Amino acid sequence: MTAPFDPHLPADSPVRAEPRSTTRRSPEETAKLAAVRAERVALWKAIEEAGGIAAWVRAEIAKKGISTDGVDPSTLSDRQKSSFKDKKRAESEARRTFKRLAWDAYKETHITHLGGIYWDEDASPDKFDIDGREERAKDNILTDIQSPGALAQALGLTVAKLRWLTFHRDVDSGTHYRRWQIPKRDGSMRTITAPKLHMKTAQRWALRNVFDKLPVHGAAHGFLAARSIVTNASVHAGADVVVKIDIEEFFPTITFRRVKGLLRKAGLSEQAATLIALLCTEPPRESVNFRGKTVYVASGPRALPQGAPTSPAITNALCRRMDLRLSGLARLLGLKYTRYADDLTFSWKCPTPGAKAPLGVLLRGVTTILKSEGFRIHKKKTSIMRKGARQAVTGLIINSEVGAASARVPRDVIRNLRAAIKNRELGRPGKEGETLAQLQGLAAFVYMSDPVKGRTFLDRIAKLQAPTKT
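Only a predicted model underlies this, so the values are computations on that prediction, with no experimental measurement involved. (Residues numbered from 1 in each chain as written. Predicted model: local features only at pLDDT ≥ 70, side-chain atom pairs only at ≥ 80, totals over all residues. Heavy atoms only, no water.)

### Observations regarding the overall build of the protein chain
Note the threshold: Here a strand is any run of E in DSSP of at least two residues, a helix any run of H or I of at least four, and the numbering for each starts at the N terminus. Here the globule rule reads 2.2 Å times residues to the power 0.38, and the radius of gyration is calculated from C-alpha atoms. Working definition: with a 1.4 Å probe on protein chains only, accessible area under 20% of the residue-type maximum means buried, over 50% means exposed, and in between means partly exposed.
Helix and strand counts for the protein chain stand at 17 helices and 11 strands. Against the compact-globule benchmark of 23 Å for 470 residues, the protein chain has a radius of gyration of 30 Å, which places it well outside the compact range. When its C-alpha atoms are laid out on the principal axes, the protein chain stretches across 110 × 65 × 40 Å. A buried classification covers 44% of the 470 residues belonging to the protein chain.

And the structure:
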C-alpha cells in the first residue's frame, strides 16, 4: 500500500508517493536542502529539551503573545470577546504551523515507518531481546549503533536517507539494485543482484562494522581472510571417499527475518537490527510496464541478494550453528567437513582394511540437520568421489600424486591456458575467443594453488598487455 503524498517530506524520502525525480540537484539546491535538514535536526533537539511537541508548541505560542490559556470567555465584555476571538484564530493558525514544523523535524530525525515492514519508534526493550543483550553487543563491538540516529550517523547519512535506502514496497517505481543473468555450469541461469552506489556504500560499512565482527565456525572457508578454495580443498587431500553436497537456493533461503534474527542474537536492538537487515536484503523483482511506466514488482520475500558485498559474510555467521552440528556429525562418523558458501564437503580415509565409509548415515544425518536449519539438499548436485576416480573440491584436484600439490588446478585447465597464452604470443587468435582479462583470471586461479607456475603465466600475460613500442 502506497503512503499518501506529504509535501512537507524531503524530496528524496521514500514516504513521498509521487514518482522519484531522475534529474540531479544543482549544488545550490543540494546546499539549500542540507541547510533545511540541519534546521530540522536542531529544531527537534529544541523540542526534546522543551519536553515534547505539545510543550514546545505551547511555549512558542506564549512567546508570540497569542496564548489564550487560562482565559475564561464568560468573564469578558463584548469588546474583549471580539478581541479574544481574533486572538483565538491567530492561536489556532500558529498552533497548526508549529505542529507542522514539529512534524517535519520529527520525520527528519525519526524513521516513522518503512512501508511493508513493521516498525515501532518505541526503543524500549521487548520480549525478543536476548538475556544480557548489551553485554553481547559489547562482545561483538556493536554498542554504538543501537538507535536509528546513531546508525545513520555511523553510515554518514541523514535519517531520511537511511529511510530511503531501507523503505520496502512490493511495487516500486525505482530500485537500489541492478540485475543481470549469467549462465551456471549446468546450463541454467543465475541472477546477479548488484547494489547501486549508495546501497553498496552502506553495505560495505555494514560488512566492516557489523558482519565481519560476528563469530564464524572454523569449518567455513569461503570469503574469509587467509582462507580460500585452496584451504577448503586441502583439508580433504588424499581421502579415500569424498562427498560433495550442495544447498539448494542458498541465498534466497536466507530471508530478512533470518538476518534480523541473527542481528538480534548478536546484541542489536530491534530498531538497529531491522534497519541493517533491510539494508542487506532485497526481494526478487520483475520489471513490469504499467500505464507506460516501468515498475519493479516483488516476486518473493526479501532475502540475501547474490551480488551484495554483505551476503557471503552473513551466510558464514548465520551458518555457524549448522557448521557446528555438521562438524560434530562428521567427527562422530570419522569424517572431515568443510563448507565453502553453499558447497558442503565431507571426506573419509579408510582406518582399517575392509572398512566401509558410513555414507548412508552421513546423508541421512546431513539431510536432517539441513532441514532443521532451514535449508535443503540439492539432490541433483550430490556426488560421491572415490579414490580411483578424479576427486575435485571447489574446482581443485585433491587425489594423491607424487610431487604434486595437495590441492591443484586440473591439468586440462593448465594445458588450455598454456596453449591460449602461446597462441597470443604467436599472434594467433584463441580457440575460444577469450580475452586477456579472462586469461589473467585463469592465471590467478592457478597462482592460488601453484604460485610458481601461476606467476609465470601472469608475467607472460602482462607482457601481452603492455603497449607495443613503435
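### Description of the packing of helix 1 (residues 27-50) against helix 2 (residues 53-64)
Put simply, the test is: Angular values range over 0 to 180 degrees, each being the angle between N-to-C directions of two axes fitted as lines to C-alpha atoms, with helices fitted over their stretch in contact. Any angle that falls under 35 degrees is termed roughly parallel, while one over 145 is termed roughly antiparallel, one within 65 to 115 roughly perpendicular, and all others oblique. Contacts: residue pairs with any heavy atoms within 4.5 Å of one another. Residue polarity is assigned by list, with Asp, Glu, Lys and Arg as charged and Ala, Val, Leu, Ile, Met, Phe, Trp, Tyr, Cys and Pro as nonpolar; anything else, Gly included, falls into the polar class.
At a minimum axis distance of 7 Å, the contact between helix 1 and helix 2 shows a crossing angle of 95 degrees. Taken as axis vectors, helix 1 and helix 2 run roughly perpendicular relative to one another. Listed contacts from helix 2 to Leu-43, Trp-44, Ala-46, Ile-47 and Ala-50 of helix 1 are Ile-53, Ala-55 and Trp-56. Looking at the contact of helix 1 with helix 2 residue by residue, the class counts come to eight nonpolar, no polar and no charged.

### What to know about the sheet that holds strand 9 (residues 383-386)
Here is the rule we go by: Strands qualify as paired when DSSP identifies two bridges or more between them.
Taken in spatial order, the four strands of this open sheet run 7-8-4-9, and their pairing is antiparallel. Two strands lie at the open edges of the sheet, namely strand 7 (335-340) and strand 9, each paired on one side alone. The average undirected angle you get between the axes of adjacent strands in this sheet is 15 degrees. Relative to strand 9, strand 4 (residues 241-246) is paired through four bridges, and the arrangement is antiparallel.

### Overview of the packing of helix 16 (residues 436-449) against helix 17 (residues 451-465)
We apply this condition: Left-handed describes a crossing in which the near helix is turned anticlockwise from the far one by less than a right angle; the clockwise case is right-handed.
For the pair helix 16 and helix 17, the least separation of the axes is 7 Å and the interaxial angle reads 160 degrees. As judged from the angle between their axes, helix 16 and helix 17 are roughly antiparallel. Both helix 16 and helix 17 take part in a crossing whose hand is left-handed. Two secondary-structure elements touch here, helix 16 through Leu-436, Leu-439, Gln-440, Ala-443, Ala-444, Val-446, Tyr-447 and Ser-449 and helix 17 through Pro-451, Lys-453, Gly-454, Arg-455, Phe-457, Leu-458, Ile-461, Leu-464 and Gln-465. A class-by-class count of the residues in the contact of helix 16 with helix 17 yields 11 nonpolar, four polar and two charged.

### Quick look at the nonpolar core
To keep things clear, this is the line we draw: We define a nonpolar core as any set of buried Ala, Val, Leu, Ile, Met, Phe, Trp, Tyr and Cys residues linked to one another through side-chain atoms lying within 4.5 Å.
In terms of nonpolar packing, the biggest core is built from 68 residues, with Phe-211, Met-322, Leu-344, Phe-346 and Val-366 touching the most fellow members. Ranked by the residues each element gives to this core, the list is headed by helix 11 (residues 270-279), at seven residues. Leaving out residues up to four positions away in the same chain, Phe-211 has contacts with Ala-206, Leu-262, Leu-263, Ile-276, Cys-280, Thr-310, Ala-313 and Ile-314. Judged by nonpolar contacts, the second largest core, of 26 residues, contains Val-242, Ala-341, Met-385 and Leu-436.

### Re the pairing of strand 2 (residues 177-183)
Sheet topology note: the strand 2/strand 3 (residues 189-195) ladder contains seven bridges and is antiparallel. Each residue of the ladder has a partner; that of Trp-180, found in strand 3, is Ile-192. Between strand 2 and strand 3, which pair antiparallel one after the other, the connecting turn spans five residues, and Gly-187 there sits at a positive phi close to 95 degrees.

### Things to note about helix 13 (residues 320-333)
Structurally, the α-helix is built with 3.6 residues per turn, so residues lying three or four positions apart point the same way. For the record, the criterion: What a helix should span is 1.5 Å times the count of its residues minus one.
Relative to the 20 Å expected for 14 residues at 1.5 Å per residue, helix 13 spans 20 Å between its end C-alpha atoms, a close match to the ideal helical length. Among the structural elements, strand 7, strand 8 (343-348) and helix 14 (359-372) are those in contact with the buried residues of helix 13. Looking one or two places after helix 13, you find Gly-334, whose phi comes out positive at around 80 degrees.

### What to know about the side chain of Thr-281
Note on placement: Thr-281 falls in the loop between helix 11 and strand 5 (285-290). The class of Thr-281 is buried, set by a relative accessible area of 0%. Aside from chain neighbours lying at most four places away, what touches Thr-281 is Tyr-177, Phe-256, Val-259, Arg-302, Ala-303, Leu-304 and Pro-305.

### Quick word on the sheet that holds strand 6 (residues 293-298)
Backbone hydrogen bonds are what pair the strands of a sheet, in a parallel or an antiparallel way. With antiparallel pairing, three strands are arranged side by side in an open sheet as 1-6-5. Looking at the sheet topology across the chains shown, the edges are occupied by strand 1 (171-172) and strand 5. The sheet contact formed by strand 1 and strand 6 spans two bridges and is antiparallel. Paired with Val-171 across the bridge in strand 6 is Val-297.

### Some thoughts on the pattern of salt bridges
Applied cut-off: In what follows, salt bridge is the name for a side-chain nitrogen of Lys or Arg lying within 4 Å of a carboxyl oxygen of Asp or Glu.
Evaluated as defined, the whole model comprises 26 salt bridges. The closest approach of N and O atoms between Arg-96 and Glu-93, which form a salt bridge, is 2.6 Å. Linking Arg-96 with Glu-93, this pair stays in helix 3 (residues 78-109), spanning three residues, or about one helical turn. Overall, Glu-93 belongs to the partly exposed group, its relative accessible area being 42%. Residue Lys-260 is joined to Glu-270 by a salt bridge in which the shortest nitrogen-to-oxygen separation is 2.6 Å. Of the two residues, Lys-260 is situated in helix 10 (residues 256-265) and Glu-270 in helix 11; the sequence distance between them amounts to 10 residues. In this structure Lys-260 comes out as buried when scored by relative accessible area, which is 17%. Several salt bridges converge on common partners, so that one network encompasses Asp-126, Asp-129, Arg-133, Lys-260, Arg-264 and Glu-270.

### Thoughts on the side chain of Arg-133
Note the threshold: Distance and chemistry together define a polar contact, namely a pair of N or O atoms within 3.5 Å, with one atom able to donate a hydrogen and the other to accept it when in protein, and with adjacent residues in sequence counting only for side-chain atoms on both sides.
The topology assignment puts Arg-133 in helix 4 (residues 133-139). Polar side-chain contacts of Arg-133 include one of 3.0 Å to the backbone oxygen of Gly-267.

### What to know about the environment of Asp-246
As for its position among the elements, Asp-246 is in strand 4. Looking at Asp-246, the relative accessible area reads 8%, which means it is buried. Remark: the alpha-carbon pair of Asp-246 and Gly-51, spanning 195 residues in sequence, is separated by 57 Å.

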